[in-house]
Every structure is written in structure tokens, then in C-alpha cells.
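# An overview of the molecular structure
So you can see what is in the structure, the chains are spelled out below.
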Amino acid sequence: MSESFDAAALAVAGVRGLKPYQPGKPIEELERELGIRGSIKLASNENPRGPGPAVLAAISAAAAGASRYPDGGAFRLRARLGAELGVDAGQITLGNGSNDVLELVAHAFLGPGRSAVASAHAFIVYPLATRARGAEFIEVPARQWTADPDALVAAIRADTSVLFLANPNNPTGTWLTTPVLESLLARVPRRVIVVLDEAYFEYVDAADYPDGLRLLAAHPNLVVARTFSKIHGLAALRVGYGVSSPAVADLLNRVRQPFNVNALAQAAAVAALDDRAYVVESRRLNVAGMQQVRAGLDRLGLAAIPSLGNFVTFDCGRPARPIYEALLREGVILRPIAEYGMPNHLRLTIGLEAENERALAALARVCGGA
Ligand SMILES: *Cc1c(COP(=O)(O)O)cnc(C)c1O
């Protein structure tokens, strides 16, 4: 006897309506599909330099211990991070990427009958993590692609338990200044956990940009999330972390998988913190590349949104999807962001100088004079 089987009907309500996260297109996938070689990917805000030699050596050394479970408490990495950041190791929650930290917050603080607030055009993992827990996601209109602090505060309801805010934001690159963020935090009730997502913190060079860690003392409801995926060049290894009050960290640790950060990733992250020259050079390369790309976009008449990250989002002046697809045929992978409510924009990650040049030349061919 065959019984009908409807998997979707069995899923919890929050999961039923989800659309999976759409990552940037991998180079191998593009080249497999089009039968081409030598493509470049400027689509996922990765560090274009590849990992440094000290990190590679640390990974090799750690590989010899691969038959053992990793240190679930990640003693060395948390101690090293604590020293680096000037916080207690007990304030740090490690994640399998900072994505995992966002999930841990949702797991601990969201559920049916609760809601989370975030800006429009913000990182798409916020609605995903919220809805997966059966909570409601409240999207707040932005102003000039920037989170609107007054509107965020006004959107907080009695059932709101989390506010997500990326600073700078991805995919727009926009940010809130120190006084604006401080005033926002002062107006958020303490019963609301504020996740301040600082994935691009180490790239920022702006005097008015706030350091979330300095705000922790005054705001026990704050979780600052950072990552090794961006400037530290470890996106494949999946290491990120949250810094919070020890009480919040304790809650996040209760829902954390015991071995969520593997041993190779832990060793690589320690080595990455020790390699300050790599970070300095990555920042320098990004500043130069940002100037190069901004000037190139200007020449093409493509309006860019000012960005503090290692990426820039520009207006194609018409639907961006066909432009994205034409660029793929040129072997250049950028990121379409229609699902972020920006169907006419593309996001470009700052790459090596030659990669930036190649992307600009392809853009000139595909949409010059747009
Ligand atoms: C890239 C990014 C992250 C983190 O990614 P992980 O690789 O999971 O650490 C988090 N937030 C934003 C806004 C990002 O752009």
C-alpha cells in the first residue's frame, strides 16, 4: 500500500516558508557550466590574497591531530581573542562562522510568539534565522540604503526580543556613526538583545565609526559579532565569534554544538591573529582597490553607494540580472542582490588590482554608458 508523503506538511511552520540562502556563484560551477577557464569571483567579500603562510603552516600542523575531537571550549583561541580584544574569554562565544553566532542568538532568544527587528537591505541571514525559529521578522524601511535608527526603535514591539544591525551593512556598505549608534542603543529596551554584526570591522577606516566592544559595558543586552572570514582570509574554515556579557555568552553556549569550530579552524584563527602584517596589507590593498573601483565606476557612469567594507554596490540603472549574466559569460562573477530588495544593483568585492581592472573592463563592455 502506498501512502502519500508530503514532507513540507511535516516541517515546522517557520521552515516551510523559507527560501535557502543563495551564496555567490563558485568559480568551479561557472566554469563547469560555460566550459571556460580563468574566471574571477568578486562575489562573496572574500579576501582576494588567499591565506598567509603562517596560517597554512598552522593548518598543516593541526591536520596531524585530525583523528581527535577538537577542544570544544577552544581554550587557546578564546584566550588569544580575549587578549587581542581586551575582553574576558568568558565573554566570547565561538561560531562556525559568525553566521552560526546569529543562529545561536535566534536559537536562544527567538521562537513562536516572538519577533526580531532589522533594517531593509540588511544581511539576509537575519530573516532566515528568525523565521526558522517560528518567530516573526519585522523589516524596517531604510533611508538612502542606510538603517534608520528612529524607525528601528519605533518598530520594536512588546514581543520583540532581538534587533539585528550590521555595521557596516552588507550588501550596502552603509554605516551608523558613533553618536547615532549610541543614541539608538540608549533607546532600545534592555529586554531586547541587540546583535551588532561587525563582519567588516577590521576594514573600516573612518573616524566616526563606532567600536561595538566599547559599548558592551553600558549595554548588557549587546552581542557584537565578528568573523575570520573577511579580512583574515579564512572563509572556507568557518570561524566567527560573538562578544557579549558573560551571562548572554552562557546562554549562547547552551545551544552551541559542542564542537562547532573544528581544530584546523581554531589553529588557523590563532595564527591569523598573530599575523598582523597580513591584516595591515589586506587593509592597504582594499583602500587602493576601493579607489580604483570607485574611479572606474564613476567613469562608466555607474553610481556607487559609499561603502566602509571590502565591497561596493552600484546602481546599473536598469534590472541588474541580465548584466550579471553577461558578466558571467565574460568570466566575471559579481553578486546580484535582488533578494535584498535591490534589483537594479550589483555588489562587487574589491579584489586584487588586476581582478578589479578586469571586472571594470567587462562592465564597460556589458553596460558602458548605462
Ligand atoms: C560575511 C558576513 C558575515 C559572516 O560570515 P561568516 O563567514 O559566517 O563569518 C556576517 N555578517 C555579515 C553582514 C556578513 O557580510
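Look up a bit, the structure's there.
Residues numbered from 1 in each chain as written. Predicted model: local features only at pLDDT ≥ 70, side-chain atom pairs only at ≥ 80, totals over all residues. Heavy atoms only, no water.

The next point concerns the sheet that holds strand 13 (residues 342-349). The 4 strands are arranged 9-10-13-12 in an open sheet whose pairing can be described as antiparallel. Pairing within the sheet leaves two strands with one partner each, and these edge strands are strand 9 (303-305) and strand 12 (335-337). Ignoring which end each strand starts from, the neighbouring axes of this sheet average 35 degrees apart. As paired strands, strand 10 (residues 311-315) and strand 13 are joined by 5 bridges and run antiparallel to one another. Bridging from a neighbouring strand, Phe314 pairs with Leu346 of strand 13. Against the sheet, helix 12 (residues 276-299) engages strand 9, strand 10 and strand 13, with an angle of about 10 degrees to strand 10. (Pairing = 2+ DSSP bridges. Helix = DSSP H or I, 4+ residues; strand = E, 2+ residues; numbered from the N terminus. Axes fitted to C-alpha atoms, helices over the stretch in contact; angles between N-to-C directions. Contact = heavy atoms within 4.5 Å.)

Attention now moves to the sheet that holds strand 6 (residues 193-197). Sheet architecture is open: 7 strands sit in the order 2-8-7-6-5-3-4, paired in mixed fashion. On the outer flanks of this sheet lie strand 2 (92-95) and strand 4 (136-140), each paired with one strand and no other. Taken over all neighbouring pairs, the strand axes of this sheet differ in orientation by 20 degrees on average, direction set aside. In this sheet, strand 5 (residues 160-166) lies alongside strand 3 (residues 115-119) in parallel orientation, the contact comprising 3 bridges. Bridge pairing in strand 5 links Ser115 to Thr160.

This next bit is on the packing of helix 5 (residues 75-85) against helix 11 (residues 263-274). At a minimum axis distance of 9 Å, the contact between helix 5 and helix 11 shows a crossing angle of 25 degrees. Taken together, the axis directions place helix 5 and helix 11 in an arrangement best described as roughly parallel. Once helix 5 is placed against helix 11, the crossing between them reads as left-handed. Counting all contacts with helix 5, which are made through Arg76, Leu77, Arg80, Leu81 and Glu84, the residues of helix 11 involved are Gln266, Ala269, Val270, Leu273 and Asp274. Looking at the contact of helix 5 with helix 11, its residues break down into 5 nonpolar, 1 polar and 4 charged. (Parallel < 35°, antiparallel > 145°, perpendicular 65-115°, else oblique. Left-handed = near helix turned anticlockwise from the far one by under 90°. Nonpolar A, V, L, I, M, F, W, Y, C, P; charged D, E, K, R; others polar.)

Let us now look at the site of the ligand. Around the ligand, the neighbouring residues are Gly97, Ser98, Asn99, Phe123, Asn170, Asp197, Ala199, Tyr200, Thr227, Ser229, Lys230 and Arg238. Contacts to the ligand include Ser98, whose backbone N or O atom sits 2.7 Å from an oxygen atom. Separating an oxygen atom of the ligand from a side-chain N or O atom of Thr227 is a distance of 2.5 Å. Relative to its free-state accessible area of 390 Å², the ligand is covered by the protein chains to the extent of 94%. Assessed atom by atom at 2 Å from the grid points, the ligand resides in the largest pocket. (Near = heavy atom within 4 Å. Polar contact = N/O pair within 3.5 Å; in protein donor to acceptor, adjacent residues only side chain to side chain. Areas by Shrake-Rupley, 256 points an atom, 1.4 Å probe, with all protein chains shown as cover. 1 Å grid on protein atoms, 1.4 Å probe; cavity = no way out; pocket = protein on both sides within 12 Å on 5 of 7 lines; lining within 4 Å. Sits in = over half its atoms within 2 Å of the grid points.)

Summed over the entire model, instances satisfying the criterion amount to 16 salt bridges. A salt bridge links Asp274 to Arg80, with the shortest nitrogen-to-oxygen separation between them at 2.8 Å. Here the residue Asp274 occupies a position in helix 11, and Arg80 occupies one in helix 5, the gap between them amounting to 194 residues. Between Glu330 and Arg365 there is a salt bridge, with its nearest N and O atoms 2.6 Å apart. Linking Glu330 in the loop between helix 13 (321-329) and strand 11 (332-333) with Arg365 in helix 14 (residues 353-367), this pair joins segments that are 35 residues apart in sequence. Among the charged side chains, a network of salt bridges with common partners joins Arg80, Glu84, Asp274 and Arg276. (Salt bridge = Lys/Arg side-chain N within 4 Å of Asp/Glu carboxyl O.)

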